[in-house]
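Survey of secondary and tertiary structure
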Amino acid sequence: MTAVPVVIVGAGPTGLTAATLLAQYGVECLILERWDSIYPQPRAVALDDEVHRILARLGLGDEFAAISRPHLGLRLLDRDMRVLAEFRRDVASGRHGHPQGSMFDQPELEAILRGNLARYDSATLRGNVEVTAVTQDGDGVRVEFTDTATGVPESVRAAYVLGCDGANSLTRASIGARMRDLGFTQRWLVIDVATEADLDQWEGVHQLSDPARAGTYMRIGETRYRWEFQLRPGETADDYRDPAGLHPLISPWTGTLPVAELEIIRTAEYTFRAQLADRWRDRRVFLLGDAAHLTPPFIGQGMCAGLRDAMNLAWKLAGVLDGTLAETVLDTYQVERRHHAHAMIKLAKFIGTAMTAGGELGNLIRRAVAPRLHLVPGLKKLATDSQTPPLRRSDLVIRPRLRPSLAGRLCPNAVIDSDLRFDDVAAGRFAIVTSVEPSATQRAEMTRQGAAVISAAPGSELHQWLTKGHAQAAIVRPDGTVLAAARQLVSLTEPDRYH
């Protein structure tokens, strides 16, 4: 039986991201995927600048920018297509070096992820295989699978297994984990259309707050458009396969454009759910992506959560495998990611309910309240700022209980020198960001432990970030998250504090 340090079940965006990050650390991994090639239909269509930053970490920042388009934010519309409220986002490079929100076509994203992974000899992707069993013992994990082309059963032994195998995860079942229902289920019609015609619509997300049928519209590419409409009881996607039946739904955006100029790529029914696995790990087996959580799409965070999972876990696993980190650091994965994912699911539920619930009464309330939402303290920031909640306290997030701290938040990917940003200098290592010059002894100790030392010069973005966070220095983890921040550098330079 062959053996490999890490087996990844599933080669969607989450699995491919985890594999690439591990490969960057020199960790050998085998990715097992049931399909021979990329699933051709678009699913996820949006991500934020925090996740764009992860793609840049993979080496795909420019390639993703070339296949995506920044979106301007969110508009709330009533049933007559009148704008109730508008929340704009910055399309220029923000604190992470990318637009706050981007639209894309998932097959194109997966294509560049696969092409990039092929650069690494330590990662092997096998398609046309069906994983049939994941079994642990005291020394590792046995993964059994069948080559669907030949029918030949095979197996591989791994030190760790990452289950990135989606909502119907066999990996999740293998560890006895169950999905907890968070009380949100809605049936929606999803429509993907291609046309060379320009629909001449506002380049952001349109949320239709119609009690008769809530809907969403967005442009996801040069010639690609996405609509989503809530299905009524008794309706199915089959009722809208015919262009003539579909046209009344999308005509408020397509106007007088002839149906013949619209190519319907897909009309499908999706059930939007809010679910969270009761546990994300059993010894050497971990759950990531949809295997661990399902998020309603109203804030575009479903796929994003999976990439955040991969970013959180990969560097920890690499450190454990090469002996530089204790195995106990793997306990922080669920502590940090489950709480964060739950917070984003609750936000998506809130937005979805606010946009779709209440019938005619809800519609009257929205028409009265929406134009004044920008006056509600904090709500405009919630709608326009892409920053997500800080990670919960763990052994790798040292945050005081009684005062605010930078710990658990992402360090800005700030410009440091010429065209170099923070991530270019940190290069996947721990980093010390400091607004005071370290002593020779302090610098030697940081360097000995492999940390990058990054100076926050007066007036720089990093200096402003530290000052706003009431800190003189911060330890930043390889995933860009602040481990700890302090008002004096000396309190962060104790031996082994950041190793």
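Only a predicted model underlies this, so the values are computations on that prediction, with no experimental measurement involved.

About the criteria used
- Residues numbered from 1 in each chain as written.
- Predicted model: local features only at pLDDT ≥ 70, side-chain atom pairs only at ≥ 80, totals over all residues.
- Heavy atoms only, no water.
- Pairing = 2+ DSSP bridges.
- Helix = DSSP H or I, 4+ residues; strand = E, 2+ residues; numbered from the N terminus.
- Axes fitted to C-alpha atoms, helices over the stretch in contact; angles between N-to-C directions.
- Contact = heavy atoms within 4.5 Å.
- Phe/Tyr/Trp six-rings, centres within 6.5 Å; stacked < 30°, edge-to-face > 60°.
- Lys NZ or Arg CZ within 6 Å of the ring centre and 35° of its normal.
- Buried < 20%, exposed > 50% of the residue type's maximum accessible area, 1.4 Å probe, protein only.
- Right-handed = clockwise from strand over helix to strand, strands pointing away.
- Salt bridge = Lys/Arg side-chain N within 4 Å of Asp/Glu carboxyl O.
- pLDDT = per-residue confidence, 0-100.
- Core = buried A, V, L, I, M, F, W, Y, C linked by side-chain atoms within 4.5 Å.

**Quick word on the sheet that holds strand E25 (residues 482-486)**
Read across the sheet, four strands follow the order E23-E22-E24-E25 without closing on themselves; strand pairing throughout is mixed. Edge positions in the sheet fall to strand E23 (452-455) and E25, since each has one partner strand and no second. The mean inter-strand angle of the sheet, taken between neighbouring strand axes irrespective of direction, is 15°. The pairing of strand E24 (residues 473-476) with E25 spans four bridges and is classified as antiparallel. Residue pairing across strands places Val476 opposite Val482, the latter belonging to E25. In the packing of helix H13 (residues 461-468) onto the sheet, contacts are made with strand E22 (431-434), E23, E24 and E25, and the angle to E22 comes to roughly 80°.

**Looking at the packing of aromatic side chains**
Summed over all chains, the structure comprises 15 aromatic pairs. Site record: aromatic cluster; members linked through ring pairs are Tyr217, Tyr225, Trp227, Phe229 and Trp253. One cation-aromatic arrangement involves Arg284 over Tyr160; the distance from NZ or CZ to the ring centre is 5.2 Å.

**A look at the sheet that holds strand E3 (residues 46-48)**
Spatially, the three strands line up as an open sheet ordered E3-E7-E4, and their pairing is antiparallel. Both outer strands of the open sheet, E3 and strand E4 (69-70), are each paired with one neighbouring strand and no more. Two strands pair when backbone bridges link them, and E3 and strand E7 (residues 101-103) are joined in this way by three bridges, in the antiparallel orientation. Bridge pairing links Leu47 to Ser102 in E7. Strands E3 and E7 of the sheet are contacted by helix H2 (residues 49-57), whose axis makes an angle of about 90° with E3.

**Thoughts on the pairing of E22**
The two faces of a sheet get side chains in turn, since along a regular strand they alternate between them. Of the two faces of E22, both are covered, the one formed by Ala431 and Val433 as well as the one formed by Ile432 and Thr434. As paired elements, E22 and E23 share four bridges and run parallel to each other. Paired with Ile432 across the strands is Val453, a residue of E23. The parallel pair E22 and E23 is bridged by helix H12 (residues 440-448), and the resulting crossover is right-handed. Judged from the four bridges that link them, E22 and E24 form a sheet pairing that is antiparallel. Pairing of Ile432 across the sheet is with Ile475, part of E24.

**Observations regarding the pattern of salt bridges**
This structure, assessed with the given rule, holds 35 salt bridges. Its salt-bridge partner being Glu50, residue Arg308 comes within 2.5 Å of it at the nearest N-O pair. Taken together, the residues span a long stretch of sequence, with Arg308 in helix H7 (residues 302-321) and Glu50 in helix H2 at a distance of 258 residues. Assessed through its relative accessible area of 10%, Arg308 is described here as buried. Each of the salt bridges in this network shares a partner with another, and the network as a whole consists of Arg69, Asp198, Glu203, Arg219 and Glu222.

**Considerations on the confidence of the model for the protein**
The predicted coordinates should not be examined in detail at positions where pLDDT is low. Mean pLDDT over the protein stands at 90; residues scoring 70 or higher make up 92%. With pLDDT under 50 throughout, residues 374-379 is counted as low confidence; its partners more than four residues away or in other chains account for two contacts.

**Here's the deal with the nonpolar core**
In summary, soluble globular proteins display a tendency toward joint burial of nonpolar side chains. By size, the foremost hydrophobic cluster in this structure holds 93 residues, and its most contacted members are Val7, Ile8, Val161 and Leu162. Here the element with the most residues in this core is H7; it accounts for eleven residues. Ignoring any residue separated from it by four or fewer positions in sequence, one finds Val161 in contact with Val7, Val9, Val134, Val141, Val143, Thr171, Arg284, Val285 and Phe286. Grouped together as the second largest cluster of nonpolar side chains are 21 residues, Cys411, Ala414, Leu462 and Ala474 included.

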